[in-house]
Amino acid sequence: MDTLSVYTKIHNHLVILSICTLLISCSQSQEALIVDDKTIADESITSDWLAYGRTHNERRFSPVEDINVSNVADLKVDWFIDLPEDVGLVSTPLVVDGVLYFTGTMNIIRAVNAVTGELIWRFDPEVVKYIGNKKQAGFVHNRGISFYKGKVFTATWDGRLIAIDAKTGTEIWTAVTFDPERALFITGAPKAFKGKVLIGNGGTEHGPSRGFVTAYDAETGEEAWKFYIVPGNPADGFENDAMEMAAKTWTGEWWKHGGGGNAWNAFTYDPDLDILYIGTGNGSPWNRKIRSPDGGDNLFLCAIVALDPDTGEYLWHYQTNPGESWDYNSNMDIILADLNINGEEIKAILHAPKNGFFYVINRETGKLISAEPFAETSWASHIDLATGRPVEIEGARYENDTAYITPSNYGAHSWHAMSYNPQTGLAYIPALHRALNYTDEGIDIENWHSVEFQGGFGVKVFDVTNQPRDYPASLIAWDPVKQREAWSVPQDDFWNAGTLTTGGNLVFQGRSDGKLLAYNASTGDTVWTFDVGLGISAPPITYKIDGRQYISLLVGWGGAYSGLSANDHGWAYKAQMRRLITFSLDGLADMPKLSPPINPVPINAPDFVVDQELASTGAIIYDKNNCSWCHGQNVLSGGMGPDLRASPIPLEKIAFAAVVRDGAKSEQGMPPMPDITDEELVSLMHYIRRTAHEASQP
Ligand code: CA
């Protein structure tokens, strides 16, 4: 091992690799680690990062302390890979037996040597081929993969769950998890547990969606069970008793609107209690007056639902937002922590959903233990501990007029991972502080209906100048026992990435401004900052091989948030190289700086005379076809897609039709829209030109 350490120090990875093949002591030559529930649950394994949240506890905490508050200032780039094909990178890599696996744009999986970054295999599920014309729903990014007994599991944008041989990178089986004609999509990581793999989907806002999760046999890909999150039409009969019970909490003809509840993130398995927990989504549509006109809690929207892992049978639920009406889903981390509360050992769930409250829930029974706001919550004053229900503020359901609501539909906390450090006893939340006005004035509540791939909210939201804080985001260290903030760091930008915490008393977080920071986990003091040169949306991981601790991070601005202030930093579409960067205390890699920030300059075309009426029609067409998901609200791109104001294509009808109608850019993720009419294309051109001309006015 000493010889190896010396070689590691001189950092000639090729030499190390060849030595690895010779030395029996090298970790890569040792017996392969069997990744099963026992190993995934083992908090003491620090050489690997075996699951999305590291272990079944989903804490994103590693006890490894080699990198710590006193030496983190020496952290340097150890190795990196350029990823020129990629756009949005939001995923958590896995490390198993010296191999680092990660998912990139368009669900392409790579396996690389975790010490050198050398490519071992690349798996391309050819998403573009499968998604056909149905790409108007969804994103090019994905949050992660799962590993179990020699297989890597990935779930694709178009709805396939694929098992890949971890050694060779070849497909073992594929399961189609939903009808590709439906406006559903997957951005989440599958969850492997107890010989099964679980996956849900997104699409609540894209049509009459009825959420469900499905578990498959990890060996064969055969469907094991399926759990619907909301009830269907009672006339068709209920799938199980839970659906019959849930139907009593709905009114009207909710099934025509789908109901929603899609589970697109947050699946946790507790092997000790043998319970599976899923976090469920908001209503489809958001406005309860439409989907359940006479009220009701609308189970199992916005809830943690506990299921039998073998059968998918309902065990219990805790609902964070009865009768949800603001896009406050509960798809955020479900962390398992054992807390001492008033002298009693509690097996708890820690959960900080969009609605701004931090929940501590007994994970054996589903009983609420405590809940306090970690951000401003204008929709509810508090959570009543006797009933477990929020006490809503009158008017919050926009029942009379416009309602000023914080948190916004982006939530006080979104999918960016929260971590929990059992040594400090603190949870680290990437928090958002934002308010919006909600109103359904002018919406025909009785006749509203959702169209597949167009969808809608059933309520309008507007930006407001009066924001809850004078900064849009913060990193909050939260004490779940005392239910209060221990420390927080205000942040100048919205949409910062998920957190990692370690036994070195550290918290790591990447920000949208391109800085990766390490904080003292106890005090919040900044102890290290590194500029990666591009907005960060993915959470870091850590692992330790041959005595060296690594911190690894995907760098590639992304996620379901385009436009707004995102383009202030100049993370223009494909302007900066995407990367996987791995740090260590002994890193010697010479990593070239990325291209400087770029703000695309809107083309001022004085010969193009904008017809205001056509432009206004174009704005409606733009919104209806979900163009903003990639090209940004009001055509202000946040880097997920090209800035259309700066593109010459919308200036020429033939070129524009080739891309929008005929799919000339489908390989890059731009869906063809074969049904779009000439008139609609022209109106879109006028709308784009209007925004370009407005932007080029002094
Ligand atoms: Ca939603």
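## Points about the overall build of the protein
- Counting its secondary structure elements, the protein contains ten helices and 40 strands.
- Whereas a compact globule of 698 residues would reach a radius of gyration of roughly 26 Å, the protein reaches 24 Å, a difference of no more than 12%.
- Dimensions of the protein, computed from C-alpha atoms along their principal axes, come out at roughly 75 × 65 × 50 Å.
- Per-residue burial over the protein gives 63% buried out of 698 residues.
- Contacts in the protein between residues at least 24 apart in sequence constitute 63% of all its contacts with a sequence separation of at least 6.
- For the protein, the exposed surface amounts to about 25,100 Å²; the carbon and sulfur share of it is 50%.

## Section: the confidence of the model for the protein
- The predicted model of the protein averages 92 in pLDDT, with 94% of residues at 70 or higher.
- Note on residues 1–29: pLDDT under 50 across the span, and 38 contacts to partners over four residues away in sequence or across chains.

## A few points about the side chain of Asn57
- By secondary structure assignment, the location of Asn57 is in the loop between α3 (37–40) and β1 (61–62).
- When its relative accessible area of 16% is taken as the criterion, Asn57 is described as buried.

## Describing the sheet that holds strand β17 (residues 275–279)
- Across the sheet, four strands lie side by side as β16-β17-β19-β20; this open sheet has antiparallel pairing. Whereas interior strands pair on both sides, the edge strands pair on one side only; in this sheet they are β16 (267–270) and β20 (314–319). Adjacent strand axes in the sheet meet at a mean angle of 20°, parallel and antiparallel pairs treated alike.
- One ladder, built from five bridges, connects strand β19 (residues 303–307) with β20; its direction is antiparallel. In the strand pairing of β20, Val305 is matched with His317.

## Some details on the coordination of the calcium ion
- All of the protein donors around the calcium ion are Glu205 (OE), Asn282 (OD1) and Asp327 (OD); their distances to the metal are 2.3 to 2.4 Å.
- Written as a sequence motif, the donor arrangement for the calcium ion is E-x76-N-x44-D. Pair noted here: Glu205 is in the loop between β12 (196–199) and β13 (212–217) and Asp327 is in the loop between β20 and β21 (335–341), with a separation of 122 residues, a long-range link. Summarising the burial analysis for this pair, Glu205 and Asp327 share the class buried.

## Description of the packing of aromatic side chains
- Using the criterion set out here, one finds 32 aromatic pairs in the structure.
- Aromatic side chains Phe193 and Tyr269 sit 5.3 Å apart centroid to centroid with 40° between the ring planes, which places their arrangement in the tilted category. Of the two residues, Phe193 sits in strand β11 (residues 191–193) while Tyr269 sits in strand β16, which places them 76 residues apart along the sequence. Judged on exposure class, the residue Phe193 and its partner Tyr269 are both buried.
- Here Phe227 and Phe300 contribute two aromatic rings whose centre-to-centre distance is 6.2 Å and whose plane-to-plane angle is 40°, an arrangement assigned as tilted. Remark: Phe300 occurs in the loop between α6 (288–291) and β19 and Phe227 occurs in strand β14 (residues 223–228); sequence separation between them is 73 residues.

## Examining the nonpolar core
- By size, the foremost hydrophobic cluster in this structure holds 112 residues, and its most contacted members are Leu100, Tyr101, Phe227 and Phe508.
- Counting residues per element, this core draws most heavily on strand β39 (residues 548–555), which supplies five residues.
- In terms of nonpolar packing, the next biggest core, distinct from the first, is built from 28 residues, Ala266, Ala306, Leu336 and Ile349 among them.

## Section: the sheet that holds strand β24 (residues 368–373)
- Across the sheet, which stays open at both edges, the four strands sit in the order β21-β22-β23-β24 with antiparallel pairing between neighbours. With partners counted over all chains shown, the strands left at the sheet margins are β21 and β24, one partner each. Between one strand and the next, the sheet's axes are offset by a mean angle of 30°, whatever the strand orientation.
- The pairing of β21 with strand β22 (residues 344–351) spans seven bridges and is antiparallel. Its bridge partner lying in β22, Leu336 is registered against Ile349.

## Focus on the pattern of salt bridges
- In the structure shown here, the tally under the stated rule is 30 salt bridges.
- A salt bridge links Arg397 to Glu392; its shortest N-O distance comes to 2.7 Å.
- Connected through salt bridges with shared partners, the residues Glu85, Asp86, Arg110 and Arg122 form a single ionic network.

## Section: helix α9 (residues 653–660)
- Of the positions making up α9, those classed as buried are Phe656, Ala657, Val659 and Val660. Along the axis of α9, the buried residues cluster in a sector spanning 165°; they form a single face.
- Of the surrounding elements, those touching the buried residues of α9 are α10 (678–696).

## Looking at the state of the cysteines
- By the definition in use, this model includes zero disulfides.
- In this model Cys627 remains outside any disulfide bridge; the closest cysteine sulfur is found in Cys630, 8.9 Å from its own.
- Overall, Cys627 belongs to the buried group, its relative accessible area being 14%.

## Describing the pairing of strand β30 (residues 436–439)
- Bridge count for strand β27 (residues 403–405) against β30 is three bridges, and the pairing is antiparallel. Residue pairing in the sheet places Tyr404 in a bridge with Asn437 of β30.
- Two elements, β30 and strand β31 (residues 460–463), share four bridges in a ladder whose sense is antiparallel. In the strand pairing of β31, Leu436 is matched with Asp463.

Cut-offs used in this document
- Residues numbered from 1 in each chain as written.
- Predicted model: local features only at pLDDT ≥ 70, side-chain atom pairs only at ≥ 80, totals over all residues.
- Heavy atoms only, no water.
- Helix = DSSP H or I, 4+ residues; strand = E, 2+ residues; numbered from the N terminus.
- Rg over C-alpha atoms; globule rule 2.2 N^0.38 Å.
- Buried < 20%, exposed > 50% of the residue type's maximum accessible area, 1.4 Å probe, protein only.
- Contact = heavy atoms within 4.5 Å.
- Areas by Shrake-Rupley, 256 points an atom, 1.4 Å probe, with all protein chains shown as cover.
- pLDDT = per-residue confidence, 0-100.
- Pairing = 2+ DSSP bridges.
- Axes fitted to C-alpha atoms, helices over the stretch in contact; angles between N-to-C directions.
- Donors = N, O, S within 2.8 Å, 3.2 Å for Na, K, Ca; no water.
- Phe/Tyr/Trp six-rings, centres within 6.5 Å; stacked < 30°, edge-to-face > 60°.
- Core = buried A, V, L, I, M, F, W, Y, C linked by side-chain atoms within 4.5 Å.
- Salt bridge = Lys/Arg side-chain N within 4 Å of Asp/Glu carboxyl O.
- Arc of directions from axis to C-beta.
- Disulfide = S-S within 2.5 Å.

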